Each structure stands twice: as structure tokens, then as C-alpha cells.
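So you can see what is in the structure, the chains are spelled out below.
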Amino acid sequence: MVLLSTEYNKFFGMASPPTSYGGYGGNANESPKYTFEYPAGWKQEVPSKVEKGTQGIDGRVVNPRSKDQRAFVITLTRAGEDNARFQLTDTESTFASFAGADYDLQDALSDATNTEKGESEKEGIKFFNYKIDSPAYVYLSSIAVKDGKVFALFVRSPSRLYAAAANDLQHIVDTFKLL
């Protein structure tokens, strides 16, 4: 029997630079830059200043019953400057940019048994959506660029737990949008 969560909480991400971690150096009146919904039983975890500065992790929610099941957003600035463009349609190069934030992602890419790609549009912004199946993990991802910044949502689940939570995990991706 599969139990599905019918209640969700909303996450609002600021995409602030690491210097603003802990309320320093940022504008307290800034509005959120992205949002997504996550299962009500999950908990928010604040990334450390090191995670934010070296891995680009801006926000994270975790299933307390299986901490390996999580959703996190990476934000990267300066998209397109210095002729260094993000090729969001090329799975390997796109994910190579994010592998530092989650070392299991690189393993999932190299061990992938199936990779699916798609595109969607929300409020005039193109999103590139991916699903990577590997023996250890399933990753769902939605990536977009706005105002020179890349926003990448990753939803990770151990493969053995994915089927029971597939609808809730997909809901996180489906509700991801840039504000």
C-alpha cells in the first residue's frame, strides 16, 4: 500500500550570496527568488556558509524518516558571462557543474540505467527537467536561468524508496518556479 502525502508546505528561497548567510550583508527586505512545495512531514535544513559558498546550495528540505531523501536548490551566478554559457540541454555538462554539491549525483550519472529529459515553461521561463535512474539513487531535477542566475532544484531518493514516494517527489519538481 502506498501512502501519499496530501499536505504540502511551501519553501521560499532567497538565492542570497554566501556573505549574507545568517542575516549579514543581505537586504532583509528582499523578496524570494524561487519557491516549491514539499511534503508537510519534511523538515527544512539551513545550509552552512561553506555549503552555500563552495557548493552553491541555497536551500534544502529533508525527509526526517529517511535523510537520504531530500530536495535542494543550487544557485549559480554569472550565467553567460565571459562566454561561459550553461548548456542546459547537455545532461552531462549541466550536471557536472552541480556534482560538487552532491557527490552521489556524479555516481548516479555514470551508473545511470535510464535518463529522461524534458522541457516545460512556467510564466515565460523555460525549465529543463531531468530524471536519472541509477542503482543507488533516483534524481529528479528542474533547471532554469533568470536574470543571469542558474536555479537548479534537485530531488534525490534512494532507488529502493522511490516508487513509494514518486508522486510526492514529482510534486516538488512540478511546483518549482522562479519568482
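See the structure above.
Owing to the predicted nature of the structure, the values given are computational and were not obtained by experimental measurement.

Caption draft 1: Representation of helix H4 (residues 159–174). Its maximal kink placed at Ala165, H4 deviates by approximately 85°. Restricting attention to buried positions, one finds in H4 the residues Tyr162, Ala165, Ala166, Asp168, Leu169, Ile172 and Val173.

Caption draft 2: Representation of the pairing of strand S8 (residues 137–146) in the model. Burial analysis of S8 places eight of its ten residues in the buried class, the great majority of the element. Strand direction decides the pairing type here: strand S7 (residues 125–133) and S8, joined by six bridges, are antiparallel. Bridging from a neighbouring strand, Lys131 pairs with Leu140 of S8. Connecting S7 to the antiparallel partner S8 that follows it, the hairpin turn spans three residues. Of the pairings in the sheet, the one linking S8 to strand S9 (residues 149–158) comprises ten bridges and is antiparallel in character. Looking at the pairing, Ser141 lines up with Phe154 of S9. A loop of two residues connects S8 with S9, the two strands running antiparallel in sequence, and Asp147 in this loop sits at a positive phi of about 55°.

Caption draft 3: Focus on the packing of aromatic side chains. Tallying each qualifying case throughout the model produces nine aromatic pairs. The interplanar angle of 15° and the centroid separation of 5.0 Å between the aromatic rings of Phe11 and Phe36 together place this pair among those described as stacked. Placement of the pair is Phe11 in strand S1 (residues 8–13) and Phe36 in strand S2 (residues 34–39), with a sequence separation of 25 residues. As far as burial versus exposure is concerned, Phe11 and Phe36 are alike and both buried. Relative to Phe176, the ring of Phe127 lies with its centre 5.9 Å away and its plane at 80°, an arrangement referred to as edge-to-face. Residue Phe127 is located in strand S7, and its partner Phe176 is located in the loop between H4 and strand S10 (177–178); the two are separated by 49 residues in the primary sequence. According to the relative accessible area criterion, Phe127 is buried, its value standing at 0%. Between Lys122 and the ring centre of Phe127, over which it is positioned, the NZ or CZ distance is 4.8 Å. If you follow Arg156 out to its NZ or CZ, it ends over the ring of Tyr137, 4.7 Å from the centre.

Caption draft 4: Examining the side chain of Ser66 more closely. Checked against the element boundaries, Ser66 lands in strand S5 (residues 66–76). Owing to a relative accessible area of 13%, Ser66 belongs among the buried residues under this scheme. Leaving out residues up to four positions away in the same chain, Ser66 has contacts with Pro158 and Leu161.

Caption draft 5: Fine view of the nonpolar core. Judged by nonpolar contacts, the single largest core of 25 residues is most densely connected at Tyr34, Phe36, Leu153, Ile172 and Phe176. Listed by contribution, the elements that provide at least two residues to this core are S2, S5, S7, S8, S9 and H4. Per-element tally for this core: the top contributor is H4, with six residues.

Caption draft 6: Examining the pattern of salt bridges more closely. Summed over all chains, the structure comprises eight salt bridges. Residues Asp68 and Arg156 are paired through a salt bridge, measuring 2.5 Å at the closest nitrogen-oxygen approach. Of this pair, Asp68 sits in strand S5 while Arg156 sits in strand S9, placing them 88 residues apart in sequence. On the basis of relative accessible area, Arg156 is assigned to the buried category, the value being 6%. It is possible to trace a salt-bridge network through shared partners that takes in Glu45, Glu51, Arg60 and Lys67.

Caption draft 7: Main features of the sheet that holds S8. The strand order across the open sheet built from seven strands is S3-S4-S5-S9-S8-S7-S6, with neighbouring strands paired in antiparallel fashion. Either end of the sheet is taken by a strand with one partner, and the two such strands are strand S3 (43–45) and strand S6 (114–122). This sheet shows a mean twist of 20° between the axes of neighbouring strands, independent of strand direction. Where S5 and S9 come together, seven bridges link them in antiparallel fashion. Bridge pairing in S9 places Ile74 opposite Ala152. Here helix H3 (residues 103–110) sits on the sheet in contact with S7, S8 and S9, set at roughly 110° to S8. Across the sheet, H4 touches S5, S6, S7, S8 and S9, and the angle it forms with S9 is around 155°.

Reading the values: the criteria
Residues numbered from 1 in each chain as written. Predicted model: local features only at pLDDT ≥ 70, side-chain atom pairs only at ≥ 80, totals over all residues. Heavy atoms only, no water. Bend = angle between axes of the 7 residues up to and from the residue. Helix = DSSP H or I, 4+ residues; strand = E, 2+ residues; numbered from the N terminus. Buried < 20%, exposed > 50% of the residue type's maximum accessible area, 1.4 Å probe, protein only. Pairing = 2+ DSSP bridges. Phe/Tyr/Trp six-rings, centres within 6.5 Å; stacked < 30°, edge-to-face > 60°. Lys NZ or Arg CZ within 6 Å of the ring centre and 35° of its normal. Contact = heavy atoms within 4.5 Å. Core = buried A, V, L, I, M, F, W, Y, C linked by side-chain atoms within 4.5 Å. Salt bridge = Lys/Arg side-chain N within 4 Å of Asp/Glu carboxyl O. Axes fitted to C-alpha atoms, helices over the stretch in contact; angles between N-to-C directions.

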